[in-house]
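Residue-level structure breakdown
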Amino acid sequence: LAKTTQPISMDSYEGQEVNITCSHNNIATNDYITWYQQFPSQGPRFIIQGYKTKVTNEVASLFIPADRKSSTLSLPRVSLSDTAVYYCLVGPVSGGYNKLIFGAGTRLAVHP
Amino acid sequence: DVKVTQSSRYLVKRTGEKVFLECVQDMDHENMFWYRQDPGLGLRLIYFSYDVKMKEKGDIPEGYSVSREKKERFSLILESASTNQTSMYLCASSLEGELNQPQHFGDGTRLSIL
């Protein structure tokens, strides 16, 4: 199983770009990288997923280097409402859902 | 819009009671999941189901069972509740197919066992 390592917490200010890096040194060839966001008192919400290079949607960008041993979630111009816990998951497209592991996540605090 | 509804936001039960947590999804998803979330441990998979009456154990199934009699409903059962089962419980659903299909979560049930 590909283990992920993320910072426990990060602080930022409104209007800044935030980059959260996830390390996954033993990622396998058929593993995807997925990020979820969890607000207080809510369940996690899917935000972005990628396999290699760069993926962008209306919420975030995901940068994956060629060796795929890490990935970076980029949140442009954060606001107070981006305060949440962000989870990085690495897992295959098949083989059992217990291979998708939600770690402790990164707690992002955005300040005025 | 996708909706996963958990029957209770907060629940308080006593040690030894049989506890039922209910989850309903309105997206016609084949897959449904139960997780528990504890501080510092992230989410841990208890059970998942990929079809009616089908279930698979996750990482921590001990002390739990599940029931899926209809496609839209997935129940988590604590056979004899214990204090170490005090936790936040999250239900999720996803389309069938590859594991990287996004999971859609409910808002959780915070269960306290006294």
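Described in the following lines is the structure provided in the data block. (Residues numbered from 1 in each chain as written. Chains lettered and ligands numbered in written order. Predicted model: local features only at pLDDT ≥ 70, side-chain atom pairs only at ≥ 80, totals over all residues. Heavy atoms only, no water.)

**A few points about the overall build of chain A**
When helices and strands are tallied, chain A shows 0 helices and 9 strands. Each helix and strand of chain A, placed in order from N terminus to C terminus, yields the pattern β-β-β-β-β-β-β-β-β. In terms of C-alpha radius of gyration, chain A reaches 14 Å, essentially the compact-globule figure of 13 Å for 112 residues. Reported as C-alpha extents along the three principal axes, the dimensions of chain A are approximately 45 × 30 × 25 Å. A fraction of 56% describes how many contacts in chain A between residues 6 or more apart in sequence connect residues 24 or more apart. Between the centroid of the 9 positive side chains of chain A and the centroid of its 7 negative side chains there is a distance of 9 Å. (Helix = DSSP H or I, 4+ residues; strand = E, 2+ residues; numbered from the N terminus. Rg over C-alpha atoms; globule rule 2.2 N^0.38 Å. Contact = heavy atoms within 4.5 Å. Lys, Arg positive; Asp, Glu negative; His and termini not counted. Charge placed at Lys NZ, Arg CZ, Asp CG, Glu CD.)

**Focus on the state of the cysteines**
Within this structure, the stated rule accounts for 2 disulfides over all chains. At a sulfur-sulfur separation of 2.2 Å, the disulfide partner of A:Cys22 is A:Cys88. Residues A:Cys22 and A:Cys88 share a disulfide whose torsion about the S-S bond is about -80°; that sign makes it left-handed. Of the two residues, A:Cys22 sits in strand β2 (residues 18–23) while A:Cys88 sits in strand β8 (residues 84–92), which places them 66 residues apart along the sequence. Between the sulfur atoms of B:Cys23 and its disulfide mate B:Cys91 the distance is 1.9 Å. An S-S torsion of about -75° defines the bridge between B:Cys23 and B:Cys91 as left-handed. Of the two residues, B:Cys23 sits in strand β3 (residues 19–25) while B:Cys91 sits in strand β9 (residues 87–94), which places them 68 residues apart along the sequence. Comparing B:Cys23 with B:Cys91 shows no difference in burial state: the two are buried. (Disulfide = S-S within 2.5 Å. Buried < 20%, exposed > 50% of the residue type's maximum accessible area, 1.4 Å probe, protein only.)

**What to know about unusual backbone geometry**
Excluding glycine, a negative phi dihedral is what most residues carry, and trans is how most peptide bonds are arranged. All names here are of chain A. In this structure, Ser-41 is a non-glycine residue whose phi angle is positive, near 65°. Relative to the helices and strands, Ser-41 resides in the loop between β3 (31–38) and β4 (45–50). Residues other than glycine seldom take positive phi values, yet Arg-68 does so here, at roughly 60°.

**Points about the sheet that holds strand β5 (residues 53–56) of chain A**
Pairing between the strands of a sheet is mediated by backbone hydrogen bonds and can be parallel or antiparallel. Residue and element names in this part refer to chain A. Judged by pairing direction, the sheet is antiparallel, and its 4 strands sit side by side in the order β2-β7-β6-β5 without closing on themselves. Across the chains shown, the open sheet's two edge strands, defined by having one partner strand only, are β2 and β5. Neighbour-to-neighbour, the strand axes of this sheet turn through a mean angle of 15°, independent of strand direction. (Pairing = 2+ DSSP bridges. Axes fitted to C-alpha atoms, helices over the stretch in contact; angles between N-to-C directions.)

**Examining the interface of chain A and chain B**
Taken together, the contact between chain A and chain B spans 21 residues of the former and 26 residues of the latter. Around 1,900 Å² of area is buried between chain A and chain B when both sides are counted, 57% of it from carbon and sulfur atoms. In this assembly, chain A and chain B are joined by 0 salt bridges. Across the contact surface, chain A and chain B share 5 residue pairs in polar contact (both at pLDDT 80 or more). Elements with a minimum of two residues in the side of chain A that touches chain B: β3, β4 and β8 of chain A. No other element matches β3(A), which puts 3 residues into the side of chain A that touches chain B. Along the lines of polarity and charge, the residues of the side of chain A that touches chain B split into 11 nonpolar, 10 polar and no charged. (Buried area = accessible area lost by both parts, 1.4 Å probe. Salt bridge = Lys/Arg side-chain N within 4 Å of Asp/Glu carboxyl O. Polar contact = N/O pair within 3.5 Å; in protein donor to acceptor, adjacent residues only side chain to side chain. Nonpolar A, V, L, I, M, F, W, Y, C, P; charged D, E, K, R; others polar.)

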